[in-house]
Amino acid sequence: MGFEHDGDARRFLDAVRAMLEESMLSLHPDKTRLIEFGRHPAPNRKRRGLDAHY
């Protein structure tokens, strides 16, 4: 899934987790994450003091 805003992506991920928990399922914590994408994700992350790689 792709989202324009970080908050939308986080709300969606929370909703998916809740939906799966109702069926006693879960997302693997090491395999599920939010990643930034777009024209310049690495420089944007570096500017914010985050690792340039995901």
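Residues numbered from 1 in each chain as written. Predicted model: local features only at pLDDT ≥ 70, side-chain atom pairs only at ≥ 80, totals over all residues. Heavy atoms only, no water.

Q: Would you mind going over the overall build of the chain with me for this structure?
A: Counting its secondary structure elements, the chain contains 2 helices and 0 strands. Here the chain holds 54 residues, and the buried ones make up 9% of them. Looking at the chain as shown, the accessible area adds up to about 5,000 Å², and 54% of this sits on carbon and sulfur atoms. (Helix = DSSP H or I, 4+ residues; strand = E, 2+ residues; numbered from the N terminus. Buried < 20%, exposed > 50% of the residue type's maximum accessible area, 1.4 Å probe, protein only. Areas by Shrake-Rupley, 256 points an atom, 1.4 Å probe, with all protein chains shown as cover.)

Q: Any chance you could explain the layout of surface pockets here in plain terms?
A: Rolled over the atoms, a probe sized like a water molecule indicates the empty space that remains. If you add up the space inside the largest pocket, you get close to 570 Å³. Element by element, the count of residues in the lining of the largest pocket is highest for helix α1 (residues 6–22), at 6 residues. Class assignment of the residues belonging to the lining of the largest pocket gives a composition of 11 nonpolar, 2 polar and 7 charged. (1 Å grid on protein atoms, 1.4 Å probe; cavity = no way out; pocket = protein on both sides within 12 Å on 5 of 7 lines; lining within 4 Å. Points joined across faces, edges and corners; volume = space filled by probe spheres on them. Nonpolar A, V, L, I, M, F, W, Y, C, P; charged D, E, K, R; others polar.)

Q: Which parts of the structure should I look at to understand the pattern of salt bridges?
A: Where charged atoms from two side chains of opposite charge approach closely, those side chains can pair. Throughout the structure, instances matching the rule amount to 2 salt bridges. Here Asp-6 and Arg-10 are joined by a salt bridge, their closest N and O atoms 2.8 Å apart. Residue Asp-6 and its partner Arg-10 are located together in helix α1, separated by 4 residues, close to a single helical turn. Look at Arg-10 and you get partly exposed, because its relative accessible area is 46%. Note that Asp-8 is salt-bridged to Arg-11, the shortest N-O span being 2.4 Å. One end of the pair is Asp-8 and the other is Arg-11, both in helix α1 and 3 residues apart, which spans about a single turn. The exposure class of Asp-8 is partly exposed, given its relative accessible area of 29%. (Salt bridge = Lys/Arg side-chain N within 4 Å of Asp/Glu carboxyl O.)

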